[in-house]
Amino acid sequence: MSDQLSCDYLIIGQGLAGTVLAHTLLSKGKSIFILDEYRDSTSSRVAAGLFHPVTGRRIVKSWMVDELFSFANNFYPGLEKLLESKFFFPGNLIEIISSAHEYNVWSERLDDPGIARYLATDVRREIYDDKLIRFLKLIALSGAGWMDIAKYLDVSLKAFSKAGLLHSGKFSGQDLEVCETGFNYKHIRADKIIFCEGSDALQNPLWSWIPFLQSKGEILTIQANTLPEEYILMKGLFLIPLGKNRFRVGSTYSWKFTDELPTESAKLELVSKLEEIIAVPFEIIEHKAAIRPTTKDRRPLIGEHPLRKNHFIFNGLGTKGVLLAPYFANEFANYLISGKELNQEVRIERFYSAFNSASSLLSKGG
Ligand SMILES: Cc1cc2nc3c(=O)[nH]c(=O)nc-3n(C[C@H](O)[C@H](O)[C@H](O)COP(=O)(O)OP(=O)(O)OC[C@H]3O[C@@H](n4cnc5c(N)ncnc54)[C@H](O)[C@@H]3O)c2cc1C
């Protein structure tokens, strides 16, 4: 008797992308198998898991945030029930405003009904009176929250393992055989293979031509016993209440780096910003770093390899994986199953010219 496993999709990587895609395909009746090389320092395991409706100094709505938030707000609670675990925490976020200029910018932006709809009501601002360094206003927004991504990955890993759907190990292209009905990878036979390798995609010769613009991020967990835990705080930095008087504080952005290890300079940067925000004592209890899988145009990256049929990628979740993953895993699954078109902005075809340039350089021995 053969002990070969057969599935529709072999997924490489059980970070946020691979896990959300696996749950999505399973929910649509497809069979999957996942191969993952477990590491503590992946983007998903280090991430703060924050989501919020507006971004940046210019205070603009995040790309597609209305659709992404409403999709995620159904998707994750559904999985919480299935996995019998709590890891998704929608809530209000408070923007700390310190100058008249900042306040004027916010007031102008709040004339936009698309942004004003996220203003939160019934907010207990007074709890921060003596806890924050001098501030002018606190603006509270709904449509925010955070996700304990590491916990989501852990409970999913357990469920996939129990169902015999996950194997621990590093994918090696040498073990992949193309056959008439798809692929054989060791004892697994699959119709299609989907790479969800995060920033490791750059080490995979199949995808190393993609113009990723990876950024290293560092993050702290602090203990601050007298800081209220009701709201997420934002002021350039975010402070996410994790419970038990612990807060996640982050994060830094660095585009020049040689490794994924935490650095003293990033820690100092976070601490000095934090000291400009909170007026209560705190202690650092953890410091982590990882590389975000970001593309040049900051959009997800989905689709088929330009030459290798049935080799797909789901990547480029960048800084907003929590909201992007469920919506685009669903789009991707519909594309795979029924050929439904993907959103133009996320299609891998936008980078095919980079593949052609890389191939022509190689053929010229460049
Ligand atoms: C400091 C920091 C803070 C962040 N904060 C937020 C935030 O607040 N909100 C938010 O939405 N996003 C945040 N992010 C971004 C978020 O982490 C990413 O968008 C998302 O988690 C990326 O998931 P991924 O699955 O694509 O990649 P990864 O998390 O890198 O997962 C890839 C997985 O594939 C495995 N793998 C790779 N290659 C192979 C192989 N060849 N064989 C087998 N397995 C393989 C890896 O081991 C890993 O398990 C943050 C990131 C960082 C670094």
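These remarks concern the structure in this document. Values in this document were obtained by computation on a predicted structure and should not be read as measured data.

**Notes on the site of the ligand**
Lining the immediate environment of the ligand, one finds 35 residues, of which Asp36, Glu37, Ser44, Leu50 and Gly318 sit closest. Taking Glu37, its main chain carries an N or O atom lying 2.6 Å from an oxygen atom of the ligand. Take Ser43: an N or O atom from its side chain is 2.8 Å from an oxygen atom of the ligand. A total of 1,000 Å² of accessible area belongs to the ligand in isolation, and the protein chains cover 97% of it. Elements supplying a minimum of two residues to the shell around the ligand: α1 (16–27), β2 (32–36), α2 (43–46), β12 (215–223), β16 (283–292) and α8 (321–338). Residue composition of the shell around the ligand, grouped by class: 13 nonpolar, 13 polar and 9 charged.

**Notes on the sheet that holds strand β14 (residues 237–243)**
Pairing is mixed in the open sheet, where 8 strands are placed in the order β3-β7-β6-β13-β14-β15-β12-β16. Each having just a single partner strand, β3 (50–51) and β16 make up the two edges of the open sheet. The pairing of β12 with β16 spans 9 bridges and is classified as antiparallel. Bridging across to β16, Glu218 finds its partner in Ala289. Sheet strands touched by helix α4 (residues 100–109): β6 (88–97), β7 (137–147) and β13 (232–235). Its angle to β6, the strand with the most contacts, is close to 130°.

**A look at the pattern of salt bridges**
A side chain of one charge can pair with a side chain of the opposite charge when the charged atoms of the two come close. Per the stated rule, a full pass over the model turns up 18 salt bridges. Residue Arg39 pairs with Asp200 through a salt bridge whose shortest N-O separation is 2.8 Å. Of this pair, Arg39 sits in the loop between β2 and α2 while Asp200 sits in the loop between β11 (188–195) and β12, and the two are 161 residues apart along the sequence. For Asp200, a relative accessible area of 26% translates into the label partly exposed. Among the charged side chains, a network of salt bridges with common partners joins Arg39, Asp200 and Glu260.

Conventions adopted
Residues numbered from 1 in each chain as written. Predicted model: local features only at pLDDT ≥ 70, side-chain atom pairs only at ≥ 80, totals over all residues. Heavy atoms only, no water. Near = heavy atom within 4 Å. Polar contact = N/O pair within 3.5 Å; in protein donor to acceptor, adjacent residues only side chain to side chain. Areas by Shrake-Rupley, 256 points an atom, 1.4 Å probe, with all protein chains shown as cover. Helix = DSSP H or I, 4+ residues; strand = E, 2+ residues; numbered from the N terminus. Nonpolar A, V, L, I, M, F, W, Y, C, P; charged D, E, K, R; others polar. Pairing = 2+ DSSP bridges. Contact = heavy atoms within 4.5 Å. Axes fitted to C-alpha atoms, helices over the stretch in contact; angles between N-to-C directions. Salt bridge = Lys/Arg side-chain N within 4 Å of Asp/Glu carboxyl O. Buried < 20%, exposed > 50% of the residue type's maximum accessible area, 1.4 Å probe, protein only.

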